[in-house]
Amino acid sequence: MKKNLLSILILALLIVNIVLTAIMMFSTMSATKKTSQLVTDIASVLKLEIEGTAGGPTVREVPLSQTETYNINELTIGLRPETTPEGEETGPVKYCLVNIVLSMDTKSKGYKNYGDAETMAKYESLISSEINNIIGSYSMDELTAPAGKEEVRVKILESVQKMFDSDFIYNVSISDIKFS
C-alpha cells in the first residue's frame, strides 16, 4: 500500500511539474517576442542611420571613372576659442590650415551646370566662406575629437549640396588639417 501511495505522490508531483513548466514557457515566450521585436527595431534604425537619413546629405557610391575633383587649398580658419564651464575663454585663438577636396559625379545633372573648373572657380569664394563658417564654429578640441572631423565633413557636404541645390558633389574630403 505504501508503494502505491508513493507512486501516486510521484505522479501528482510530475503532473504539477509539467503544468508549471508549461506556464513558465508561455510567460517567457511573450517576453522573448518583445525582446526580439526590440532588437529588430534597433537593427532597422541602425541600418537607416548607416544608409543616411532623409534630412542628411545624399550618400552614394560613384565609380572612380565618373569622378572629378576640385581642390580648395590652404584655407586658414580661426577656430572658436576654448571655454571653461563658466563660459570664460581659456587661451588664445587657435587657427587651422586645411585643404578640402570636393568629389563630383560627372554623370549628374548638376555637374553639367556647375562642375567644370572655371565655374567652380567662380564659386570658390562662396564655398570657402561656408567652409570657414562651419569649421570656425568648432574649437580645436572638438575638431581633434574622434568624431569631430567626420561631423565637420558631413556639415560641409550638406551645406555645399544645399548651396548648389544639387547632389553632384557627393563627397567632401578633408585631406590635410594643421593646427597652430
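Residues numbered from 1 in each chain as written. Predicted model: local features only at pLDDT ≥ 70, side-chain atom pairs only at ≥ 80, totals over all residues. Heavy atoms only, no water.

Here we come to a nonpolar patch on the surface. Taken together, the side chains of L11, L14, I15, V16, I18, V19, L20 and I23 present a nonpolar region at the surface, about 750 Å² in accessible area. With respect to the element layout, L20 can be found in helix 1 (residues 2-51). Given the relative accessible area of 51%, L20 is considered exposed. (Patch = residues over 30% accessible without salt bridge, like charges linked within 9 Å, V, L, I, M, F, W, Y side chains within 5 Å. Areas by Shrake-Rupley, 256 points an atom, 1.4 Å probe, with all protein chains shown as cover. Salt bridge = Lys/Arg side-chain N within 4 Å of Asp/Glu carboxyl O. Helix = DSSP H or I, 4+ residues; strand = E, 2+ residues; numbered from the N terminus. Buried < 20%, exposed > 50% of the residue type's maximum accessible area, 1.4 Å probe, protein only.)

Viewed as axis vectors pointing N to C, helix 3 (residues 117-136) and helix 5 (residues 148-164) meet at an angle of 140°, and their least axial separation amounts to 10 Å. Relative to helix 5, the element helix 3 is oriented oblique. As helix 3 runs across helix 5, the sense of the crossing is right-handed. Contacts between helix 3 and helix 5 involve M120, Y123, L126, I127, E130, I131, I134 and I135 on the former and, on the latter, V152, K155, I156, S159, V160, M163 and F164. Grouping the constituent residues of the contact of helix 3 with helix 5 by class yields 12 nonpolar, 1 polar and 2 charged. (Axes fitted to C-alpha atoms, helices over the stretch in contact; angles between N-to-C directions. Parallel < 35°, antiparallel > 145°, perpendicular 65-115°, else oblique. Left-handed = near helix turned anticlockwise from the far one by under 90°. Contact = heavy atoms within 4.5 Å. Nonpolar A, V, L, I, M, F, W, Y, C, P; charged D, E, K, R; others polar.)

In this structure, F179 sits in strand 3 (residues 169-179). Classification of F179 by relative accessible area gives partly exposed; the value is 30%.

Scanning the entire structure with this criterion turns up 5 aromatic pairs. Arranged with centres 5.8 Å apart and planes meeting at 80°, the rings of Y114 and Y123 form a pair that is edge-to-face. Look at Y123 and you get partly exposed, because its relative accessible area is 28%. Ring centres of Y114 and F168 lie 6.1 Å apart, and the angle between their planes is 20°; this geometry places the pair in the stacked category. On the criterion of sequence distance, the pair formed by Y114 in helix 2 (residues 109-114) and F168 in the loop between helix 5 and strand 3 is long-range, its members being 54 residues apart. The class for F168 is buried, based on a relative accessible area of 0%. Put simply, the rings of Y114, Y123, F164 and F168 pair up and form one aromatic cluster. (Phe/Tyr/Trp six-rings, centres within 6.5 Å; stacked < 30°, edge-to-face > 60°.)

So, on to the confidence of the model for the protein chain. Overall, the predicted model of the protein chain reaches an average pLDDT of 85, with 92% of residues at or above 70. Across the protein chain, element-level confidence peaks in strand 2 (residues 95-105) with a mean pLDDT of 92 and bottoms out in helix 1 with 83. The low-confidence segment residues 50-54, where pLDDT is below 50, has 2 contacts with residues more than four positions distant or belonging to other chains. (pLDDT = per-residue confidence, 0-100.)

Let us now look at the nonpolar core. Judged by nonpolar contacts, the single largest core of 27 residues is most densely connected at I100, L102, M120, I131, I135, I156 and I169. The set of elements that each furnish at least two residues to this core consists of strand 1 (67-78), strand 2, helix 3, helix 5 and strand 3. Sequence-distant contacts of I135, defined by excluding residues within four places in its chain, comprise I77, L79, C96, V98, L143, V152 and I156. (Core = buried A, V, L, I, M, F, W, Y, C linked by side-chain atoms within 4.5 Å.)

In the structure shown here, the tally under the stated rule is 4 salt bridges. With a shortest N-O distance of 3.5 Å, D176 and K178 are connected by a salt bridge.

Our focus in this paragraph is helix 3. Given a rise of 1.5 Å per residue, 20 residues ought to cover 28 Å, and the 26 Å separating the end C-alpha atoms of helix 3 matches this to within 8%. At Y123, helix 3 shows its strongest bend, of approximately 50°. Among the residues making up helix 3, those that are buried are T119, M120, I127, S128, I131, I134 and I135. The inward-facing, buried residues of helix 3 contact strand 1, strand 2, helix 2, helix 4 (140-144), helix 5 and strand 3. (Expected span 1.5 Å × (residues − 1). Bend = angle between axes of the 7 residues up to and from the residue.)

Right, let's get into unusual backbone geometry. If a residue is not glycine, its phi is most likely negative; likewise, a peptide bond is most likely trans. The phi dihedral of E74 falls on the positive side, at around 50°, and the residue is not glycine. With respect to the helices and strands, the residue E74 is situated in strand 1.

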